[in-house]
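What follows is each chain in one-letter form.
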Amino acid sequence: MIKELVVYPDDRILTPCSDVRVFDEKLFQVLENMQDTMKANDLNALSAIQIAIPYNIIVIKDDETQDYHEYINARVIKSEGTIETLESTSYYPNIEVTIPRYEKIKIVYEDRNGKVHYADIDEPELSSTLQRKMDYLFGGTFLAKVSKTQALQAIDALAKGGIVAQEEVCPLFSTKDYFVSFTDKLLFLMGLSLLAPLVGFAPFKTFGLIAFIGVIILMIAFFFYAQYEAKKYSQCSSCQIGNNIGVIVKRVSLAGILFMVSRFIG
């Protein structure tokens, strides 16, 4: 039976796939559906998640023999060399991207009857095809293999073709940057306030405590808003938790130092 392909911006493609545990008629039907869908769409390879079935299944067509090879629960256990291949996929229609891949791989997989096989894939085209299909199995696409700039260029090309998913495009300026900007201004004023006692300006004696509390509040707000954006813009590297924690630690630490100095000289 021919199934509908999952096509960008349908984010079901990002669902991590489970290994096949039961090798029965239900699995055989999935494999047949994958082959039928490949024939109908003139595809040489397909992962099960590309027809919205979240299982570790790949089917690849041999162009010479016209046979369909089934790879179930496939894993790369050895790799050798690197190449760059110009790739396309039905999920991102009408775009091609140069992707770095292993030149040769050794895989372990099971057939439709659950028998384990090992295969040395020395042919670069088959190697890159298997790797591209494996990207889908782990909840990713080939755009995760390139720089952020290249990925956004590909998304832009899709947008020009009328396929747009604005929620996946990370903005150049984030609302969370306002929290950082206000915090930096408070830190500047905290540093400036350290000079106040030198000129006998008493009101600045309590400013350090107020500003320190303000920095903490702003950084808490920053953290929670950043977490919201990290979920909304999954391809945005600046939204990731490691970067956000670094921003918070540096500013809270500096605020703490300035506050302690203000207590000492006050």
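In what follows, the structure referred to is the one given above.
Structure report, in brief. (Residues numbered from 1 in each chain as written. Predicted model: local features only at pLDDT ≥ 70, side-chain atom pairs only at ≥ 80, totals over all residues. Heavy atoms only, no water.)

A count of helices and strands for the protein chain gives 6 helices and 5 strands. Considering the protein chain as a whole, with its 266 residues, one finds that 40% of them fall into the buried category. Sequence separation of at least 24 residues holds for 67% of the intrachain contacts in the protein chain that already meet a minimum separation of 6. (Helix = DSSP H or I, 4+ residues; strand = E, 2+ residues; numbered from the N terminus. Buried < 20%, exposed > 50% of the residue type's maximum accessible area, 1.4 Å probe, protein only. Contact = heavy atoms within 4.5 Å.)

Right, let's talk about helix 3 (residues 148–160) for a bit. Between the first and last C-alpha of helix 3 there are 18 Å, a value that for 13 residues agrees with the 18 Å anticipated at 1.5 Å per step. If you check which residues of helix 3 are buried, you get Ala151, Ala154, Ile155 and Leu158. The buried residues of helix 3 all sit within an arc of 100° when viewed along its axis, so they share a single face. Exposed residues lying more than 90 degrees from the buried face of helix 3 are Thr149, Gln153 and Lys160. Looking at the buried side of helix 3, the elements it contacts are strand 4 (92–110). (Expected span 1.5 Å × (residues − 1). Arc of directions from axis to C-beta.)

Next up on the list: a nonpolar patch on the surface. Residues Phe188, Leu189, Leu192 and Leu195 make up a contiguous nonpolar surface patch of roughly 390 Å² in combined accessible area. Inspection of the secondary structure puts Leu192 in helix 4 (residues 176–193). (Patch = residues over 30% accessible without salt bridge, like charges linked within 9 Å, V, L, I, M, F, W, Y side chains within 5 Å. Areas by Shrake-Rupley, 256 points an atom, 1.4 Å probe, with all protein chains shown as cover. Salt bridge = Lys/Arg side-chain N within 4 Å of Asp/Glu carboxyl O.)

With 5 bridges connecting them, strand 2 (residues 57–61) and strand 3 (residues 68–89) associate as antiparallel partners. By the bridge assignment, Ile60 is partnered in strand 3 with His69. If you look at the hairpin formed by strand 2 and strand 3, you'll find 6 residues sitting between the two strands, and Gln66 has a positive phi there, around 65°. With 13 bridges connecting them, strand 3 and strand 4 associate as antiparallel partners. Across the sheet, residue Ile83 finds its bridge partner in strand 4, namely Arg101. (Pairing = 2+ DSSP bridges.)

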